[in-house]
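# Structural overview
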Amino acid sequence: MFENYEIWWVTGAQLLYGGDAVISVDAHSKEMVEGLNKSGRIPVKIVYKGTANSSREVADIMKAANNDDRCVGVMTWMHTFSPAKMWIHGLQQLNKPLLHFHTQYNAEIPWDTMDMDFMNLNQSAHGDREFGHICTRMRLRRKVVVGHWTDAKAQDRIAVWARVAAAWADSQDMLIIRFGDQMNNVAVTDGDKVEAEQRLGYHVDYTPVSELMEYWKKVDAADVDALVETYFKEYAHDKALEEKESAGYKSVWNAARAELALRAILKAKGAKGFTTNFDDLGCDDINDPNFVGFDQIPGLASQRLMAEGYGFGAEGDWKSAALYRTVWFMSQGLPKGCSFLEDYTLNFDGANSSILQAHMLEICPLIAEERPRLEVHFLGIGVRKAQTARLVFTSKPEKGVTATVVDLGNRFRLIVNDVECIKSKPLPKLPVASALWIPMPDFETGAAAWILAGGTHHSCFSYDLTSEYWEDYAEIAGIEMAHINKDTTIPTFKNELRWNEVYYMLNKSLC
Ligand code: MN
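Now for a quick tour of the structure. Note that the structure is a prediction, hence the values are computed from the model and not measured. (Residues numbered from 1 in each chain as written. Predicted model: local features only at pLDDT ≥ 70, side-chain atom pairs only at ≥ 80, totals over all residues. Heavy atoms only, no water.)

Turning our eyes to something else, we now look at the coordination of the manganese ion. Around the manganese ion, the protein contributes the donor atoms E315 (OE), E342 (OE), H359 (NE2) and H458 (NE2), which lie 2.0 to 2.2 Å from the metal centre. Positions of the donor residues of the manganese ion along the chain correspond to the pattern E-x26-E-x16-H-x98-H. Here E315, found in the loop between β9 (311–313) and α12 (318–330), pairs with E342, found in strand β10 (residues 338–347); they are 27 residues apart in sequence, far enough to count as distant. Overall, the relative accessible area of 9% leaves E315 in the buried class. The exposure class assigned to E342 is buried, which follows from its relative accessible area of 13%. (Donors = N, O, S within 2.8 Å, 3.2 Å for Na, K, Ca; no water. Helix = DSSP H or I, 4+ residues; strand = E, 2+ residues; numbered from the N terminus. Buried < 20%, exposed > 50% of the residue type's maximum accessible area, 1.4 Å probe, protein only.)

Following this line, the structure appears as structure tokens:
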């Protein structure tokens, strides 16, 4: 919810050029901030916080930024030489994301009229270098955007950072609930939850499925009936499913009940994401007519809750659950959608070799190419082998980016791969939602690089995000990012991983 957040703009100045110059710069800054807000391209409101003319003023603004929950990040611009020693104490204290905007009030040089008064107001060419130097000397992580403030390209780069900074704030107050534990013996989806909270902000809790069942028991049958009606309105389906005495209807009804139970417990606990495990669905025997528990993993519920913005990871994958919530949060208002996905099976087909992306049930319908279809089929995995409802669809054939976080033992690594989704085919005998993609730069290189980087089979995919979002995210979090893209070659990528190993070993504060 971007409207809950704001970005603070601080203009660096000094009193060397007299009070009048600062008054003019103040007016310019207001106009620039207003221009950015009115551009309609930046979803988080930018708030002008005035000029900072001394060490004391800088420190006061940074302390206030730290203490204001609405403020997700600070943008700085030096209209002139703002001696950077006066930024040291403030920057030492700032614990919010930082964007340095290298811009200027004036666009083109007024060759015939330019005088020293003009220069006093348009000196960011050297002022921003002084500021950049101190940030680099202090080893501060930040984004530098260069461009005139009226330029859409510069505004879009600020918008990317604004979305990431807001998602970062969202993740500092994020609770992920694991219903059941991690799938036994799986390494790549597990990791250090304590380090995750220190480094990435979110908190991961365990909730026994028996507690979820207390919510399941309290679900009102009339609410389930109404939700089933919503399903039939929203999704394509066989008319036969609507027959109330049929086994199919019962499966859909059970899926709706599971969704209501899950949403209720997530709301009650203030959780932003969750994981499930097909081996832990409630304790009783499904053959007992009075059994308590889900009839199969709540797949349809997970699909719909993902579309609503809840983070989700299958088989206890809490890192993916948290990352998906962040992907969804960053993409709010963008048109093409995102989903949790799993590398399912390979399709060797020459230059079009690709990877089918799917899961047993849990793919977010936001990425669907056409209206999803509600179907009921048998699912023979886990403690409950039963008929179960799910949304079936194929996904848009467009470019996107997928990401995962792995725990390397001494640090987290964010792995990002640009991918191109291609036209998929129906799977009549495997009725699940899916996407089909070629990883960049090509199937062989992309898959090899992902494997060398230690990437998961689970990832968080988006059509709307680009690697720039992930670059900003990794910068804010202070974690490694390995980006597999159209220029990747295996020898260079391997070296990058080796160099990163040394870099992070030397920079203990980032491990
Ligand atoms: Mn899985």
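Moving on from the coordinates now.
Let us now look at the environment of P439. Tracing the sequence through the fold places P439 in strand β16 (residues 434–439). Measuring from C-alpha to C-alpha, the distance between P439 and D181 comes to 31 Å, with 258 residues separating the pair along the chain. In contact with P439, other than residues within four places in its own chain, are I355, N417, D418, V419, G446 and A447. (Contact = heavy atoms within 4.5 Å.)

Let us now look at the side chain of N120. Positionally, N120 belongs in helix α4 (residues 116–121). On the basis of relative accessible area, N120 is assigned to the buried category, the value being 14%. N120 has contacts with Y17, H79 and T80, leaving out every residue within four places of it along the chain.

It is worth spelling out the packing of helix α9 (residues 221–234) against helix α10 (residues 247–269) at this point. Here α9 crosses α10 at 110°, and the two axes come no closer than 9 Å. With respect to α10, the element α9 is oriented roughly perpendicular. Here the hand of the crossing between α9 and α10 comes out right-handed. Contact residues: α9 offers A221, D223, V224, D225, L227, V228, Y231 and F232, while α10 offers Y249, V252, W253, A255, A256, R257, E259 and L260. When its residues are assigned to classes, the contact of α9 with α10 shows 12 nonpolar, no polar and four charged. (Axes fitted to C-alpha atoms, helices over the stretch in contact; angles between N-to-C directions. Parallel < 35°, antiparallel > 145°, perpendicular 65-115°, else oblique. Left-handed = near helix turned anticlockwise from the far one by under 90°. Nonpolar A, V, L, I, M, F, W, Y, C, P; charged D, E, K, R; others polar.)

For residues that are not glycine, phi is negative in most cases, and the peptide bond is trans in most cases. The residue after M440, namely P441, is reached through a cis peptide bond having omega 5°. In this structure, R139 takes a positive phi of about 55° despite not being glycine. Considering the arrangement of structural elements, one finds R139 in the loop between α5 (124–137) and β5 (143–146).

Summarising the element assignment, N4 is placed in the segment before β1 (6–12). By relative accessible area, which is 42% here, N4 ends up partly exposed. Note: C-alpha distance between N4 and C71 (67 residues apart in sequence) is 9.2 Å.

Taken in spatial order, the five strands make up an open sheet running β2-β1-β3-β4-β5, and their pairing is parallel. Each edge of the sheet is formed by a strand with only one pairing partner; in this case those strands are β2 (45–52) and β5. This sheet shows a mean twist of 25° between the axes of neighbouring strands, independent of strand direction. As paired elements, strand β4 (residues 98–102) and β5 share four bridges and run parallel to each other. Across the sheet, residue L99 finds its bridge partner in β5, namely K143. Contacting β1, β2, β3 (71–78) and β4, helix α1 (residues 19–38) runs over the sheet at an angle of about 170° to β2. With respect to the sheet, α5 is in contact with β3 and β4, its orientation differing from that of β4 by roughly 155°. (Pairing = 2+ DSSP bridges.)

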